[in-house]
Amino acid sequence: MAVQRTVSAQSLSPTEEQANWSLRPQLLDEYIGQSRLIERLRIALQAAQIRKEPMEHLLLFGPPGLGKTTLAHVIAHELGTRLHTTSGPALTKPGDLVSTLTRIEPRDVLFIDEIHRMPAAVEEYIYPAMEDFKVDVMVDSGMHARSFTMNLKPFTLIGATTRAGLVSGPLRSRFGISSQLDFYSDADLHVIAKRSARLLTLNLDNDNVLHGLAHRSRGTPRIINRLLRRVRDYALVHNNGVVDTAVVDAALKLESIDDLGLDNLDRMYLKIIATVYDGGPVGLEAVAATLNEDAGTLEDVVEPYLLKMGLLARTRRGRQLTAQAQEHLQLRSTRLGTSKPALFDQDQSENDEV
Ligand SMILES: Nc1ncnc2c1ncn2[C@@H]1O[C@H](COP(=O)(O)OP(=O)(O)O)[C@@H](O)[C@H]1O
Ligand SMILES: [Mg+2]
């Protein structure tokens with residue numbers, strides 16, 4: 001992977017995950033946005049409490065940074081039970097799953113991140129666990145191998161994935177509730193930014209100073225929290241810690257984030273289609289090869305927001321730029337003093353080494 005991006009929706013490091021912990025909402029009431037899903041969950045949670053049963057299994061899908069992991073923690077907290085966290089790639093063999101399942105207490109929540117990457121051999125073991133709270137345990141191996149069925153405590157499985165399309169039909173059908181997380185509105189992001197600013201004890205010049213930040217955070221809470229830390233640093237170094245509009249603008253400029261919230265990788269992706277492939281349609285693999293990026297990363301991390309913004313269209317023959325994207329690139333390149341879209345920005349920041 002060549003590029004580390006400030007606006008990457010993926011978590012950049014364990015340190016960042018830790019920094020995010022303090023910003024994570026704990027309760028359903030503190031969870032901002034996604035109102036339809038939250039309403040459904042509120043009802044499911046209450047019904048489960050009344051029946052004294054675990055909540056139904058829940059599948060969450062959507063681009064990284066929108067609050068899937070956060071929501072799993074919130075649900076366990078609301079249920080007053082423990083959250084056991086694992087991930088698809090960590091469950092390499094059925095035994096890994098079985099040992100996780102045996103640690104579960106009644107009504108606990110098991111969170112499997114990147115559930116689409118769970119091996120098929122493990123997936124088979126999870127079906128009876130989800131349906132009947134039972135799991136087959138193999139003892140010995142080879143000729144002496146035998147299996148017995150073990151009863152589990154009733155629990156809730158929460159699966160998260162950035163690729164709903166890669167979750168098998170049989171697995172998907174075993175989730176009682178399945179929901180996509182949407183990109184957040186500017187208004188919701190503004191609320192999140194103000195809450196985070198309070199928790200990070202930022203000195204805001206006025207109540208609306210984070211509007212611009214909300215607008216340029218690609219609809220993603222993880223990104224707004226990251227940009228907020230960049231803004232905090234910038235304010236500390238250049239403005240005695242006071243965050244005003246000029247500080248926000250300057251900090252974002254330093255990170256090469258434009259007025260739509262696009263960063264260098266986004267713009268390069270668009271520009272490559274514009275210049276090398278004449279605006280498309282072009283296959284994702286070709287763009288990925290030209291960019292020297294992983295096609296999966298582009299599909300998960302770069303494309304969803306460009307599609308949402310109407311800058312990109314996915315057609316049967318491949319990816320195609322919209323008129324709006326052409327206009328956006330043109331506008332930027334005129335500002336940079338060239339008549340044709342430049343392939344690479346002059347203001348490319350240091351950590352975007354491609
Ligand atoms: N609805 C929300 N309200 C407030 N903050 C949120 C919300 N969703 C996510 N966040 C913030 O964004 C960060 C990333 O969310 P996370 O749950 O890790 O995303 P995902 O698991 O979907 O990649 C969290 O640390 C949290 O601070
Ligand atoms: Mg996550």
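Given the structure is predicted, the values throughout are model-derived calculations rather than measurements.

Asker: Even after reading the chapter, I still don't get the site of ligand 1, so can you show me in this structure?
Answerer: The local shell around ligand 1 holds 18 residues, among which Asn20, Gly67, Thr69, Thr70 and Pro221 are the closest. When contributions to the shell around ligand 1 are tallied by element, the ones reaching two or more residues are helix H3 (68-79) and helix H9 (221-238). The class makeup of the residues in the shell around ligand 1 is eight nonpolar, seven polar and three charged. Both of domain 1 (35-180) and domain 2 (186-254) provide at least three residues apiece to the shell around ligand 1.

Asker: When you look at the packing of helix H4 (residues 94-102) against helix H5 (residues 120-132) in this model, what are you seeing that I'm missing?
Answerer: Each packed pair of helices is defined by two parameters, the angle between the axes and the distance between the axes. At their nearest, the axes of H4 and H5 sit 8 Å apart, and the two run at 30° to each other. Relative to H5, the element H4 is oriented roughly parallel. Across from Pro94, Leu97 and Leu101 in H4, the residues of H5 making contact are Ala121, Val122, Tyr125, Ile126 and Ala129.

Asker: Help me out: how do you make sense of the domain arrangement of the protein chain in this one?
Answerer: Many structure descriptions define interface size as the accessible area lost when the parts assemble. Partitioning the protein chain into structural domains gives domain 1 (35-180), domain 2 (186-254) and domain 3 (264-335). For domain 1 and domain 3, the distance between their C-alpha centroids amounts to 35 Å.

Asker: Hey, could you run me through the confidence of the model for the protein chain in this one?
Answerer: Parts of the prediction with low pLDDT should not have their coordinates interpreted in detail. Looking at the protein chain as a whole, its pLDDT mean stands at 90, while 91% of the residues score no less than 70. Within the model, pLDDT remains below 50 along residues 336-354, and this stretch shows 32 contacts once partners closer than five positions in the same chain are excluded.

Asker: Before we go on, may I ask you to explain the nonpolar core in this structure?
Answerer: Nonpolar side chains tend to gather and get buried jointly when the protein is soluble and globular. Ala193, Leu213, Ile224, Val231, Val248 and Leu270 are the most contacted members of the largest nonpolar core, which totals 41 residues. Breaking this core down by element, the ones donating at least two residues are helix H7 (186-199), helix H8 (211-215), H9, helix H10 (245-254), helix H11 (264-275), helix H12 (284-291), helix H13 (295-308) and helix H14 (323-335). The two domains that each donate at least three residues to this core are domain 2 (186-254) and domain 3 (264-335). Residues within four places of Leu213 in sequence aside, it is in contact with Ala193, Ile224, Leu227, Leu228, Val231 and Val248. Core analysis: the second largest hydrophobic core is formed by 32 residues, Leu71, Leu101, Val109 and Met118 among them.

Definitions and cut-offs
Residues numbered from 1 in each chain as written. Chains lettered and ligands numbered in written order. Predicted model: local features only at pLDDT ≥ 70, side-chain atom pairs only at ≥ 80, totals over all residues. Near = placed C-beta within 6 Å. Helix = DSSP H or I, 4+ residues; strand = E, 2+ residues; numbered from the N terminus. Nonpolar A, V, L, I, M, F, W, Y, C, P; charged D, E, K, R; others polar. Domains from an automatic or database assignment. Axes fitted to C-alpha atoms, helices over the stretch in contact; angles between N-to-C directions. Parallel < 35°, antiparallel > 145°, perpendicular 65-115°, else oblique. Contact = placed C-beta atoms within 7 Å. pLDDT = per-residue confidence, 0-100. Core = buried A, V, L, I, M, F, W, Y, C linked by C-beta atoms within 7 Å. Buried ≥ 20, exposed ≤ 12 C-beta atoms within 10 Å, placed from the backbone.

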